[in-house]
Amino acid sequence: MLSRWGIEFEDINVRLDAEARAELERRNIPWVPATLRGERHVHGWNPAALAELVGVPYDDTPALVPAELVERLDTVLYHTQHLVKGLSSAALALNHPGRDRDLADLVFHIYRVGRSFPDCLDQGQFPHAWLEATPSAEDRNGLSLFRTGEETRQHLTQWFSKSSSEVYEQPANTYYGEQRAFELLERTTWHAGQHLRQIHDLLEQDGQLQPGSLPMELFESLPMPEAIW
């Protein structure tokens, strides 16, 4: 969002920067995302607080209703699983320079991001460890990852079909703080979508997909980052 607002910032990979990790610890910030400005900071997905931190106006009126977000999330998962189904081992090992997830990890991560919303509300917590999960050696192939995607989509479809509209006003206790369930659903949707953009980018750079093959209407009215990586 900082890029959209024209705010210059330094993007730091805390996995590779011990000093940055120590600074998070000093501030009692358990993990990223976090935005630091002087001695002030915003932890997690909190656009209103981030806007206040950098001094820009922000309209927090949601652009999409829950049903639209649920549909978008399912479409992102659908595109992910059908992209991965026929990929070779070499394609699944593609990795963006400076990033520690290869394409197989990114696919699995998208599925875990999707499940994090109902799991958080069912279990009353969203530990960061959920997002660190990776596929087993036996599941690092296109067909297994496709099946995991199908299981994930079926689980979400059943969960959302049994949920009332009041669920989106519940508090969601995440590793970066408490927020409304609706806000977590919005974050879940664009978070998964951002990684789908990265998968397309890896496959386009490898010549396996034509540039522009990802339908950009998937991301309309979502607070997506401008940068892919």
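My aim in this report is to walk through the structure given alongside it, one point at a time. These numbers were taken from a predicted model, which means no experiment stands behind them. (Residues numbered from 1 in each chain as written. Predicted model: local features only at pLDDT ≥ 70, side-chain atom pairs only at ≥ 80, totals over all residues. Heavy atoms only, no water.)

1. As for the overall build of the protein
Assigned secondary structure in the protein consists of 7 helices and 4 strands. When the elements of the protein are put in sequence order from the N terminus, they spell out α-β-β-α-α-α-α-α-β-β-α. Here the C-alpha radius of gyration of the protein, 18 Å, is about what a compact globule of 229 residues would show, namely 17 Å. When its C-alpha atoms are laid out on the principal axes, the protein stretches across 50 × 45 × 30 Å. Expressed as a percentage of the 229 residues in the protein, the buried residues total 46%. (Helix = DSSP H or I, 4+ residues; strand = E, 2+ residues; numbered from the N terminus. Rg over C-alpha atoms; globule rule 2.2 N^0.38 Å. Buried < 20%, exposed > 50% of the residue type's maximum accessible area, 1.4 Å probe, protein only.)

2. Remarks on empty space enclosed by the protein
Summed over the entire model, instances satisfying the criterion amount to 1 cavity of 30 Å³ or more. Taken as a whole, the largest cavity encloses approximately 40 Å³ of empty space. Among the elements of the structure, helix H5 (103-123) and helix H7 (181-205) are those that each provide at least two residues to the lining of the largest cavity. Considering each element in turn, the lining of the largest cavity owes the most residues, 4 residues, to H7. Along the lines of polarity and charge, the residues of the lining of the largest cavity split into 4 nonpolar, 3 polar and 1 charged. (1 Å grid on protein atoms, 1.4 Å probe; cavity = no way out; pocket = protein on both sides within 12 Å on 5 of 7 lines; lining within 4 Å. Points joined across faces, edges and corners; volume = space filled by probe spheres on them. Nonpolar A, V, L, I, M, F, W, Y, C, P; charged D, E, K, R; others polar.)

3. Topic: the pairing of strand S4 (residues 177-180)
In the case of a regular strand, side chains alternate between the two sheet surfaces. Note: strand S3 (residues 171-174) against S4, 4 bridges, orientation antiparallel. When the sheet's bridge partners are listed, asparagine 173 is paired in S4 with glutamate 178. Connecting S3 to the antiparallel partner S4 that follows it, the hairpin turn spans 2 residues. (Pairing = 2+ DSSP bridges.)

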